[in-house]
Amino acid sequence: MTICGYAVGADTGILYLRGEYAYLRAFLEDVLALRRDRGLLGQDVCGTQGFSFEIRIQMGAGAYICGEETALISSCEGLRGDPKNRPPFPAQQGYLGGPTVVNNVETLCCVARILEKGPGWFAEFGTKGTPGTKLLSISGDCRSPGVYELPFGVTLKEVLKLAGATDAAAVQVGGPSGQMVGREQFERTICFDDLATGGSIMVFGPERNVLEVAKSFMDFFVEESCGYCTPCRVGNVLLRERLEQILAGRGEPGDLDYLRELGETIRATSRCGLGQTSPNPILSTLQNFRPAYEALVREEKKGYRSTFDLAAALEESEAITGRKSAHSHD
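As a starting point, this report considers the structure included with it. (Residues numbered from 1 in each chain as written. Predicted model: local features only at pLDDT ≥ 70, side-chain atom pairs only at ≥ 80, totals over all residues. Heavy atoms only, no water.)

The next thing to look at is the pairing of strand 4 (residues 146-151). When strand 3 (residues 133-140) meets strand 4, the two strands line up antiparallel, connected through 6 bridges. Bridge assignment links Leu136 to a residue of strand 4, and that residue is Tyr148. Connecting the antiparallel pair strand 3 and strand 4 is a turn made up of 5 residues. (Pairing = 2+ DSSP bridges. Helix = DSSP H or I, 4+ residues; strand = E, 2+ residues; numbered from the N terminus.)

Let's shift gears to the sheet that holds strand 4. Spatial strand order, 4-3-7-5-6: 5 strands in an open sheet with mixed pairing. Two strands bound the open sheet, and with one partner strand each, they are strand 4 and strand 6 (179-182). Neighbour-to-neighbour, the strand axes of this sheet turn through a mean angle of 30°, independent of strand direction. (Axes fitted to C-alpha atoms, helices over the stretch in contact; angles between N-to-C directions.)

One pass over the full model with this rule turns up 1 cavity of 30 Å³ or more. The computed volume of the largest cavity comes to approximately 70 Å³. Contributing to the lining of the largest cavity are 13 residues, with Cys226, Cys229, Cys232, Arg271 and Cys272 lying nearest its centre. Residue composition of the lining of the largest cavity, grouped by class: 8 nonpolar, 4 polar and 1 charged. (1 Å grid on protein atoms, 1.4 Å probe; cavity = no way out; pocket = protein on both sides within 12 Å on 5 of 7 lines; lining within 4 Å. Points joined across faces, edges and corners; volume = space filled by probe spheres on them. Nonpolar A, V, L, I, M, F, W, Y, C, P; charged D, E, K, R; others polar.)

Bringing the pairing of strand 1 (residues 12-17) into the picture now. Working note: regular strand, side chains alternate between the two faces of the sheet. As defined by bridge partners, strand 1 adjoins strand 2 (residues 54-59) across 6 bridges and the pair is classed as parallel. For Leu17, the partnering residue across the bridge sits in strand 2 and is Met59. Handedness of the crossover is the feature at issue here: the chain leaves strand 1, passes through helix 2 (residues 25-37), returns alongside strand 2, and the resulting connection is right-handed. (Right-handed = clockwise from strand over helix to strand, strands pointing away.)

Now for the packing of helix 9 (residues 254-269) against helix 11 (residues 280-288). Their axes nearest at 9 Å, the elements helix 9 and helix 11 cross at an angle of 135°. The angle between helix 9 and helix 11 falls in the class oblique. When you trace helix 9 past helix 11, the crossing you get is left-handed. Here helix 9 contributes Leu256, Leu259, Arg260, Gly263, Glu264 and Arg267 to the contact with helix 11, which in turn contributes Asn280, Ile282, Leu283 and Leu286. (Parallel < 35°, antiparallel > 145°, perpendicular 65-115°, else oblique. Left-handed = near helix turned anticlockwise from the far one by under 90°. Contact = heavy atoms within 4.5 Å.)

What follows concerns helix 3 (residues 69-76). Burial of helix 3 is extensive: 7 of the 8 residues sit out of reach of the surface. For helix 3, the full list of buried residues reads Thr70, Ala71, Leu72, Ile73, Ser74, Ser75 and Cys76. Gly78 sits one or two positions beyond helix 3 and adopts a positive phi of about 85°. (Buried < 20%, exposed > 50% of the residue type's maximum accessible area, 1.4 Å probe, protein only.)

For the rest of this paragraph, the subject is the pattern of salt bridges. Within the structure shown, the criterion is met by 22 salt bridges. Among the salt bridges present, the one from Arg86 reaches Glu69, with a minimum N-O distance of 2.8 Å. Placement of Arg86 in the loop between helix 3 and helix 4 (105-117) and of Glu69 in helix 3 is noted, with a sequence separation of 17 residues between them. Arg86 gets classed as partly exposed once you look at its relative accessible area, which sits at 38%. By relative accessible area, Glu69 is classed as partly exposed at 26%. Three or more residues joined by partner-sharing salt bridges are found here, namely Lys215, Asp219, Arg240 and Glu244. (Salt bridge = Lys/Arg side-chain N within 4 Å of Asp/Glu carboxyl O.)

What follows concerns unusual backbone geometry. With omega at 0°, the peptide bond leading from Arg86 into Pro87 counts as cis. Note on placement: Pro87 falls in the loop between helix 3 and helix 4. Going from Pro87 to Pro88, the amide bond is cis rather than trans, its omega being 0°. The phi dihedral of Asp44 is positive, around 50°, even though this residue is not glycine. The residue Asp44 is located in the loop between helix 2 and strand 2 in this model. Not every positive phi belongs to a glycine, and Cys46 is a case in point at roughly 55°. Position of Cys46 relative to the elements: it lies in the loop between helix 2 and strand 2.

Below, the structure is given as structure tokens:
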């Protein structure tokens, strides 16, 4: 980050620490203090006259939306973590109105190694279109979960083998906003030209219901939406409700087209990256696990569909009264 500050002429760096990782703050503060003692932060860094650079830690409140750069800047300014309209872009007008460079820690780490060993060395890793390595955070149904640094271009099959996920039935690549792929796609490669990911690899075994997983992801996006734009605020709720109907056995074949069309509309019309990727749990499972949907939907013989579950609605009152309802058990 100090190198970046020197390159762009900045004198301040902000390390944004999400609320869930507050336990790291004391450690990071110690690291920054050590760097100040060594002359790597503060006035005239490394003896360079006129270059002063300081880093402070900004605590977040745990909002997923703050992964979007303009929402992150809003949070750093003490505002609600809402995305901002672009243009202007952060490099033109960002934190407190000044030009701001936003990068993740992994990118800045790569810069240090490239300066140390040269761009040719870095380009030896990965693929032609995606050079370098990637930190993959692997979790789920595997024997050896953890963080792995691997070169871009590695196949998903190789990644699963390293993590001991020999029985994987589905893999969510790229976190909730990524895509769910099945066994027939495990030969695909991790790179920006094929399976792109910010680093998350979630493994699901054959006993998992991929539609239940998609529903959990939609719960997450409904919760994390900032609510600013209608496509994201309302559309994700509608997607989740229709998926819940299908899971409850009340879906029709036409619901699959409804999910696809609504998902594509949300993706195309949402204001920021959250809404533009939030339909992915449903869109990717529709594409790659369509038989799972088709097994749950059916045409209603009389052309009517029951959208209200009377028996489920009466369960609480039945428990209170201690008797079954005659209406719900005819």
